[in-house]
Amino acid sequence: RHAGARRPGPVTGMTLIHDRPAAVLDRVEPGHWEGDLIMGTANRTAIVTLVERTSRCTLLGHLPDGKHDSAAVRDAVITALGDLPPHLRLTLTWDQGKEMALHPQIAAGLGMTTVYFCDPRSPWQRPTNEHTNGLLRDYFPKGTDLSVHTADDIARVQAELNARPRRILGWESPAHRMAKLLAKPSVLRR
(Lines give C-alpha, C1' and ligand atoms only; values in the text may rest on other atoms or scores of the structure.)
Protein backbone atom coordinates (compact mmCIF):
# COMPACT_ATOMS: atom_id res chain seq x y z
CA ARG A 1 0.00 0.00 0.00
CA HIS A 2 1.00 3.55 -0.68
CA ALA A 3 0.44 6.13 2.03
CA GLY A 4 -1.49 8.49 -0.26
CA ALA A 5 -3.43 5.87 -2.22
CA ARG A 6 -7.21 6.07 -2.41
CA ARG A 7 -8.81 3.53 -0.13
CA PRO A 8 -12.37 2.29 -0.08
CA GLY A 9 -14.32 4.25 2.46
CA PRO A 10 -17.37 3.90 4.60
CA VAL A 11 -20.03 4.28 1.92
CA THR A 12 -23.28 2.92 3.30
CA GLY A 13 -26.64 2.36 1.69
CA MET A 14 -25.19 1.73 -1.76
CA THR A 15 -27.37 0.63 -4.66
CA LEU A 16 -25.18 -1.42 -6.97
CA ILE A 17 -24.99 -0.97 -10.73
CA HIS A 18 -26.82 -4.26 -11.28
CA ASP A 19 -30.01 -2.58 -10.02
CA ARG A 20 -29.67 0.33 -12.46
CA PRO A 21 -32.48 0.66 -15.05
CA ALA A 22 -31.84 -1.22 -18.29
CA ALA A 23 -32.39 2.00 -20.29
CA VAL A 24 -29.03 3.25 -19.05
CA LEU A 25 -27.16 0.53 -20.93
CA ASP A 26 -28.90 1.29 -24.23
CA ARG A 27 -27.60 4.88 -24.40
CA VAL A 28 -30.89 5.95 -25.94
CA GLU A 29 -32.39 7.88 -23.06
CA PRO A 30 -30.41 11.00 -22.08
CA GLY A 31 -29.82 12.03 -18.48
CA HIS A 32 -27.68 9.15 -17.25
CA TRP A 33 -24.29 10.28 -15.92
CA GLU A 34 -21.05 8.58 -14.92
CA GLY A 35 -18.73 10.26 -12.47
CA ASP A 36 -15.33 9.97 -10.88
CA LEU A 37 -12.36 11.98 -9.64
CA ILE A 38 -9.12 12.48 -11.50
CA MET A 39 -6.40 12.61 -8.89
CA GLY A 40 -3.30 14.76 -8.65
CA THR A 41 0.07 14.25 -6.99
CA ALA A 42 -0.06 11.65 -4.20
CA ASN A 43 -3.88 11.76 -4.37
CA ARG A 44 -3.88 15.06 -2.49
CA THR A 45 -5.78 17.05 -5.12
CA ALA A 46 -8.64 16.17 -7.45
CA ILE A 47 -11.15 17.34 -10.05
CA VAL A 48 -14.69 15.95 -10.33
CA THR A 49 -15.53 14.53 -13.77
CA LEU A 50 -19.09 13.85 -14.93
CA VAL A 51 -20.01 12.49 -18.37
CA GLU A 52 -23.48 12.06 -19.86
CA ARG A 53 -23.73 8.67 -21.60
CA THR A 54 -25.66 9.58 -24.77
CA SER A 55 -24.11 12.96 -25.66
CA ARG A 56 -20.67 12.39 -24.07
CA CYS A 57 -21.04 15.90 -22.62
CA THR A 58 -18.47 16.42 -19.87
CA LEU A 59 -18.93 18.55 -16.77
CA LEU A 60 -15.98 19.24 -14.50
CA GLY A 61 -16.20 20.19 -10.85
CA HIS A 62 -13.62 22.48 -9.31
CA LEU A 63 -12.54 21.42 -5.83
CA PRO A 64 -11.08 24.51 -4.13
CA ASP A 65 -7.76 24.00 -2.38
CA GLY A 66 -7.64 20.45 -3.73
CA LYS A 67 -10.02 19.32 -0.99
CA HIS A 68 -11.87 16.17 -2.12
CA ASP A 69 -13.75 14.92 0.91
CA SER A 70 -17.37 13.83 0.64
CA ALA A 71 -18.78 17.30 1.40
CA ALA A 72 -16.64 19.00 -1.26
CA VAL A 73 -17.52 16.34 -3.85
CA ARG A 74 -21.23 16.54 -2.96
CA ASP A 75 -21.18 20.31 -3.48
CA ALA A 76 -19.25 20.05 -6.77
CA VAL A 77 -21.59 17.39 -8.21
CA ILE A 78 -24.74 19.28 -7.20
CA THR A 79 -23.31 22.52 -8.63
CA ALA A 80 -22.29 20.86 -11.91
CA LEU A 81 -25.58 19.04 -12.53
CA GLY A 82 -27.96 21.35 -10.68
CA ASP A 83 -28.71 23.74 -13.55
CA LEU A 84 -29.80 20.96 -15.90
CA PRO A 85 -33.51 20.23 -16.29
CA PRO A 86 -34.74 17.22 -14.32
CA HIS A 87 -35.06 15.01 -17.43
CA LEU A 88 -31.29 15.39 -17.99
CA ARG A 89 -30.27 14.27 -14.50
CA LEU A 90 -31.87 10.89 -14.03
CA THR A 91 -29.06 8.68 -12.68
CA LEU A 92 -25.45 8.90 -11.61
CA THR A 93 -23.03 5.96 -11.54
CA TRP A 94 -19.81 6.17 -9.50
CA ASP A 95 -17.17 3.88 -8.04
CA GLN A 96 -17.17 2.97 -4.33
CA GLY A 97 -14.78 5.71 -3.21
CA LYS A 98 -15.30 7.33 0.17
CA GLU A 99 -15.81 10.68 -1.56
CA MET A 100 -19.38 9.47 -2.23
CA ALA A 101 -20.28 8.90 1.42
CA LEU A 102 -22.91 11.66 1.10
CA HIS A 103 -24.57 10.13 -1.97
CA PRO A 104 -28.08 10.35 -0.45
CA GLN A 105 -27.63 14.13 -0.21
CA ILE A 106 -26.48 14.28 -3.84
CA ALA A 107 -29.53 12.28 -4.97
CA ALA A 108 -31.87 14.46 -2.90
CA GLY A 109 -30.21 17.69 -4.06
CA LEU A 110 -30.58 16.71 -7.72
CA GLY A 111 -34.00 15.06 -7.50
CA MET A 112 -32.60 11.63 -8.49
CA THR A 113 -33.94 8.48 -6.95
CA THR A 114 -30.49 7.09 -6.21
CA VAL A 115 -26.80 7.00 -7.07
CA TYR A 116 -25.58 3.68 -8.46
CA PHE A 117 -22.23 2.19 -7.51
CA CYS A 118 -19.92 -0.02 -9.56
CA ASP A 119 -18.49 -3.24 -8.26
CA PRO A 120 -15.10 -2.86 -6.51
CA ARG A 121 -12.16 -2.49 -8.89
CA SER A 122 -14.45 -2.43 -11.94
CA PRO A 123 -13.76 0.80 -13.84
CA TRP A 124 -15.09 -0.76 -17.06
CA GLN A 125 -18.57 -0.41 -15.57
CA ARG A 126 -18.21 3.35 -16.19
CA PRO A 127 -16.64 3.22 -19.67
CA THR A 128 -17.68 6.66 -20.87
CA ASN A 129 -16.19 8.31 -17.81
CA GLU A 130 -12.99 6.27 -17.94
CA HIS A 131 -12.46 7.20 -21.61
CA THR A 132 -13.10 10.87 -20.85
CA ASN A 133 -10.71 10.81 -17.91
CA GLY A 134 -8.06 9.56 -20.32
CA LEU A 135 -8.75 12.53 -22.61
CA LEU A 136 -8.57 14.88 -19.62
CA ARG A 137 -5.06 13.65 -18.80
CA ASP A 138 -3.88 15.64 -21.86
CA TYR A 139 -4.88 18.75 -19.88
CA PHE A 140 -4.22 17.51 -16.35
CA PRO A 141 -1.25 15.09 -16.47
CA LYS A 142 -0.85 12.40 -13.81
CA GLY A 143 1.46 13.31 -11.00
CA THR A 144 0.71 17.04 -11.11
CA ASP A 145 -0.83 19.32 -8.51
CA LEU A 146 -4.42 19.87 -9.65
CA SER A 147 -5.07 22.60 -7.07
CA VAL A 148 -3.14 25.09 -9.23
CA HIS A 149 -5.99 25.06 -11.75
CA THR A 150 -8.61 27.74 -11.14
CA ALA A 151 -12.33 27.29 -11.75
CA ASP A 152 -11.83 29.31 -14.97
CA ASP A 153 -9.04 26.95 -16.10
CA ILE A 154 -11.30 23.96 -15.53
CA ALA A 155 -14.24 25.63 -17.32
CA ARG A 156 -11.97 26.34 -20.32
CA VAL A 157 -10.92 22.67 -20.51
CA GLN A 158 -14.57 21.58 -20.17
CA ALA A 159 -15.61 23.87 -23.04
CA GLU A 160 -12.71 22.74 -25.25
CA LEU A 161 -13.38 19.04 -24.63
CA ASN A 162 -17.11 19.44 -25.31
CA ALA A 163 -16.39 21.30 -28.57
CA ARG A 164 -14.31 18.42 -30.00
CA PRO A 165 -16.21 16.44 -32.65
CA ARG A 166 -16.44 12.72 -31.86
CA ARG A 167 -16.61 9.87 -34.33
CA ILE A 168 -19.00 8.00 -32.01
CA LEU A 169 -21.41 10.95 -32.39
CA GLY A 170 -21.23 11.05 -36.19
CA TRP A 171 -18.65 13.84 -35.92
CA GLU A 172 -20.92 16.05 -33.86
CA SER A 173 -19.53 17.57 -30.70
CA PRO A 174 -20.86 16.75 -27.24
CA ALA A 175 -21.77 20.45 -26.86
CA HIS A 176 -23.91 20.29 -30.01
CA ARG A 177 -25.64 17.12 -28.83
CA MET A 178 -26.32 18.62 -25.40
CA ALA A 179 -27.65 21.83 -26.95
CA LYS A 180 -30.15 19.76 -28.94
CA LEU A 181 -31.20 17.93 -25.76
CA LEU A 182 -31.68 21.22 -23.91
CA ALA A 183 -33.69 22.79 -26.74
CA LYS A 184 -35.98 19.84 -27.39
CA PRO A 185 -39.08 19.59 -25.18
CA SER A 186 -39.37 16.14 -23.71
CA VAL A 187 -42.24 14.08 -22.42
CA LEU A 188 -39.79 12.87 -19.79
CA ARG A 189 -39.77 16.22 -17.99
CA ARG A 190 -41.05 15.97 -14.48
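Structural data are supplied above this passage.
Here is what the cut-offs are and how they apply
- Residues numbered from 1 in each chain as written.
- Predicted model: local features only at pLDDT ≥ 70, side-chain atom pairs only at ≥ 80, totals over all residues.
- Heavy atoms only, no water.
- Disulfide = S-S within 2.5 Å.
- Buried < 20%, exposed > 50% of the residue type's maximum accessible area, 1.4 Å probe, protein only.
- Helix = DSSP H or I, 4+ residues; strand = E, 2+ residues; numbered from the N terminus.
- Pairing = 2+ DSSP bridges.

1. Quick word on the state of the cysteines
In the structure shown here, the tally under the stated rule is 0 disulfides. Looking at the unpaired Cys118, the closest cysteine sulfur is the one in Cys57, lying at 20 Å. Residue class for Cys118 comes out buried when judged on its relative accessible area of 1%.

2. Digging into the pairing of strand E2 (residues 32-39)
Burial within E2 is extensive, with 8 of its 8 residues counted as buried. Of the two faces of E2, the one lined by His32, Glu34, Asp36 and Ile38 and the one lined by Trp33, Gly35, Leu37 and Met39 are each fully buried. Looking at chain direction, E2 and strand E5 (residues 91-94) are connected through 3 bridges and run parallel. Paired with Glu34 across the two strands is Thr93, which belongs to E5. When E2 meets strand E3 (residues 46-52), the two strands line up antiparallel, connected through 7 bridges. Residue pairing for E3: Leu37 is matched across the bridge by Val48. The turn joining E2 and E3, which pair antiparallel and follow one another in sequence, is formed by 6 residues; a positive phi near 50° is taken by Ala42.

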